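What follows is each chain in one-letter form.
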Amino acid sequence: MARRRRTEERAEGNWAPMRSVVGWWLLLCAAAFYAACADDSAPEPTPEVPLPQELQQEVQALLDTNLRATRAPGVTVAIDVPGWARWEGAAGSASRARSSPMLGEAVEPRDVMRIGSMAKGMVSAVVLQLAHEGRLRLDDDVAELLPELGLWPGVTPERLMRHTSGLYNYTDDPTFITRAREAIDPVALVIEDVARGPQYPPGEAQLYSNTGYYVLGLLVTHLEAQPLAEVLRTRLWDPLGLESFVLEGEEQVRGRFVDGHLGGAGATLPFSTTWSWAAGAGVGNAADLCDWARLLVAGDVLSPHYRERLMDDTRLLDGTRPEDDEGMGMRWREVAGRRVFGHTGSTMGFRGEFFFDPADGACVALLTNDFLASPRPMADLLWAWLDEHALPRSAR
């Protein structure tokens, strides 16, 4: 396929080394002047000033008190409170499975868990990078790029990312849970769902489709000629220093991987991660989720053009916005008077969410080790607590 390239101008500063006390003083003055004049909408990097001890105790008590309401054995949290350094905490247990070596052990803030669909934005970021490089266009007909899948016309990378392609969602199949014990080939999974036909004409509606992200995974691996885990690692995780993330099934998990649960008792059912793959086979910790959100929204993971596309609302062919817009693997939601950007995730044994406020860099990432948990009420409490204790910009 011909490579179509876009060129975008980059302005890069090149500061000469400061070799004298006077030089350092001038640099600090310039930085202070820049901060005073900077756009108030730009998120700031996380400062190094720790959250005061009394506030750390307060938010830890909030976790301890509300853990039971999540219906999960354990929870890990990372919070970026504007004006303070990140706070990380945990509550509850790593396992309730009687046969587990972690039975009775406390869950720790940097424990890793399955993140499910919170990984969809990572796949989308790679697709957008490929578009920036001219390797594909967001309006390409994927049926021409991957003819073996038998897709119908109008299925494009953008519609796959925005869940508007018309593809069936394989996890809606009532037999999914029992079938997911055995491995399946991603191509076979997609072909099976394509045979069901379009659920609606592409672009006319939005139906959450994990199958669509399998097609994106196949597209990425076809263009890169590498396994998906290697693509994510070389393009995103390693360059960005996101050390906890892996694609389960293609890589070894890093860190202590706590047990997942199904309704609080015992470990989860047997499960092949071939059934989550590009739709949500990521594993990682809460801290790296907040770092990922900040780097994606405020860093240079994407060019300004494609970052704007990522953060745009979905528009259907009739010009309307879906009522509950799923976005491109990242979505907006309202909480505590803020409009925040992120995603939820649920997969065998685990459930959680992470959201980031582009206005001031606030973030809440929360992971639980139970598929039937309810993390949202605790996340909302944490956002309200964060909003109460965030320092105004003038005081930072």
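What counts as what
Residues numbered from 1 in each chain as written. Predicted model: local features only at pLDDT ≥ 70, side-chain atom pairs only at ≥ 80, totals over all residues. Heavy atoms only, no water. Buried < 20%, exposed > 50% of the residue type's maximum accessible area, 1.4 Å probe, protein only. Helix = DSSP H or I, 4+ residues; strand = E, 2+ residues; numbered from the N terminus. Pairing = 2+ DSSP bridges. Contact = heavy atoms within 4.5 Å. Patch = residues over 30% accessible without salt bridge, like charges linked within 9 Å, V, L, I, M, F, W, Y side chains within 5 Å. Areas by Shrake-Rupley, 256 points an atom, 1.4 Å probe, with all protein chains shown as cover. Salt bridge = Lys/Arg side-chain N within 4 Å of Asp/Glu carboxyl O. Expected span 1.5 Å × (residues − 1). Phe/Tyr/Trp six-rings, centres within 6.5 Å; stacked < 30°, edge-to-face > 60°. Lys NZ or Arg CZ within 6 Å of the ring centre and 35° of its normal. Axes fitted to C-alpha atoms, helices over the stretch in contact; angles between N-to-C directions. Polar contact = N/O pair within 3.5 Å; in protein donor to acceptor, adjacent residues only side chain to side chain.

Student: Please explain the pairing of strand 9 (residues 363–368) as it appears in this structure.
Tutor: Within a regular beta strand, the side chains point alternately toward one face of the sheet and then the other, so they alternate between its two faces. For strand 9, the tally of buried residues reaches 6 of 6 residues, placing the bulk of the element in the interior. Both faces of strand 9 are covered, namely the face carrying Cys363, Ala365 and Leu367 and the face carrying Val364, Leu366 and Thr368. One ladder, built from 6 bridges, connects strand 1 (residues 74–80) with strand 9; its direction is antiparallel. Bridge pairing in strand 9 links Ile79 to Val364. As defined by bridge partners, strand 8 (residues 350–356) adjoins strand 9 across 6 bridges and the pair is classed as antiparallel. In the strand pairing of strand 9, Phe354 is matched with Ala365. Following strand 8, the chain reverses through 6 residues before pairing antiparallel with strand 9; Gly361 in that reversal takes a positive phi of roughly 85 degrees.

Student: How should the environment of Leu189 be read in this particular structure?
Tutor: Tracing the sequence through the fold places Leu189 in helix 7 (residues 186–194). Take Leu189: its relative accessible area is 3%, and that puts it in the buried class. When the C-alpha atoms of Leu189 and Tyr214 are compared, they prove to be 8.3 Å apart, with 25 residues separating the residues in sequence. When residues no more than four places from it in sequence are discounted, the contact partners of Leu189 are Tyr170, Ile184, Thr211, Tyr214 and Trp275.

Student: Explain a nonpolar patch on the surface here, please?
Tutor: Together, Ile177, Leu262, Leu269 and Leu372 line one region of the surface with nonpolar side chains, adding up to about 280 Å² of accessible area. Relative to the elements of secondary structure, Ile177 occurs in helix 6 (residues 176–179). A residue is classified by how much of its surface remains accessible, and Ile177, at 33% relative accessible area, is partly exposed.

Student: Help me out: how do you make sense of the environment of Gly92 in this one?
Tutor: Looking at where Gly92 falls in the secondary structure, it is placed in strand 2 (residues 87–92). Through-space distance from the C-alpha of Gly92 to that of Leu67 is 7.1 Å; in sequence the pair is 25 residues apart.

Student: Help me out: how do you make sense of helix 2 (residues 53–70) in this one?
Tutor: Each full turn of the α-helix corresponds to 3.6 residues, which orients residues three or four apart in the same direction. The end-to-end C-alpha separation of helix 2 is 25 Å, in line with the 26 Å expected for 18 residues at 1.5 Å each. Of the positions making up helix 2, those classed as buried are Leu55, Val59, Leu62, Leu63, Leu67 and Thr70. Tucked into the core, helix 2 has its buried residues touching strand 1, strand 2 and helix 13 (376–389). Positive backbone phi, at 65 degrees, marks Arg71, one or two positions downstream of helix 2.

Student: I'm lost on the packing of aromatic side chains in this one. Help?
Tutor: When we look at a pair of aromatic rings, we describe it by the centre distance and by the angle of the planes. Counted under the stated rule, the structure contains 8 aromatic pairs. Through a chain of ring-to-ring contacts, three or more aromatic side chains come together here, namely Tyr170, Phe176, Tyr214, Trp275 and Trp277. Residue placement shows Lys120 over the ring face of Tyr213; its charged tip is 5.5 Å from the ring centre. Between Arg339 and the ring centre of Trp332, over which it is positioned, the NZ or CZ distance is 4.3 Å.

Student: I'm lost on the sheet that holds strand 6 (residues 331–335) in this one. Help?
Tutor: Strand-to-strand pairing in sheets goes through backbone hydrogen bonds, with the strands running parallel or antiparallel. Strand order in this open sheet of 6 strands is 2-1-9-8-7-6, and the pairing throughout is antiparallel. The open sheet has two edge strands, strand 2 and strand 6, and neither has a second partner. Between one strand axis and the next, the sheet turns by 20 degrees as a mean value, whatever way the strands run. Those strands touched by helix 2 are strand 1 and strand 2, and its axis lies near 30 degrees from that of strand 2.

Student: Before we go on, may I ask you to explain the sheet that holds strand 3 (residues 113–114) in this structure?
Tutor: An order of 3-5-4 is seen for the 3 strands of this open sheet, with the pairing classed as antiparallel. Taken across any chain shown, the strands that pair with only one partner, and hence form the sheet edges, are strand 3 and strand 4 (246–247).

Student: Which parts of the structure should I look at to understand unusual backbone geometry?
Tutor: Glycine aside, residues mostly have negative phi angles, and peptide bonds mostly take the trans form. For His163, which is not a glycine, the phi torsion comes out positive at approximately 60 degrees. Mapped onto the elements, His163 comes out in the loop between helix 5 (157–161) and helix 6. A positive phi angle, near 55 degrees, is found at Ala225, a position not held by glycine. Within the element layout of this structure, Ala225 appears in the loop between helix 8 (210–224) and helix 9 (228–240). With relative accessibility at 69%, the residue Ala225 sits in the exposed group.

Student: It is not clear to me how the side chain of Asp360 should be interpreted in this structure. Could you clarify?
Tutor: Checked against the element boundaries, Asp360 lands in the loop between strand 8 and strand 9. A distance of 3.0 Å separates the side chain of Asp360 from the side chain of Arg338, its partner in a polar contact.

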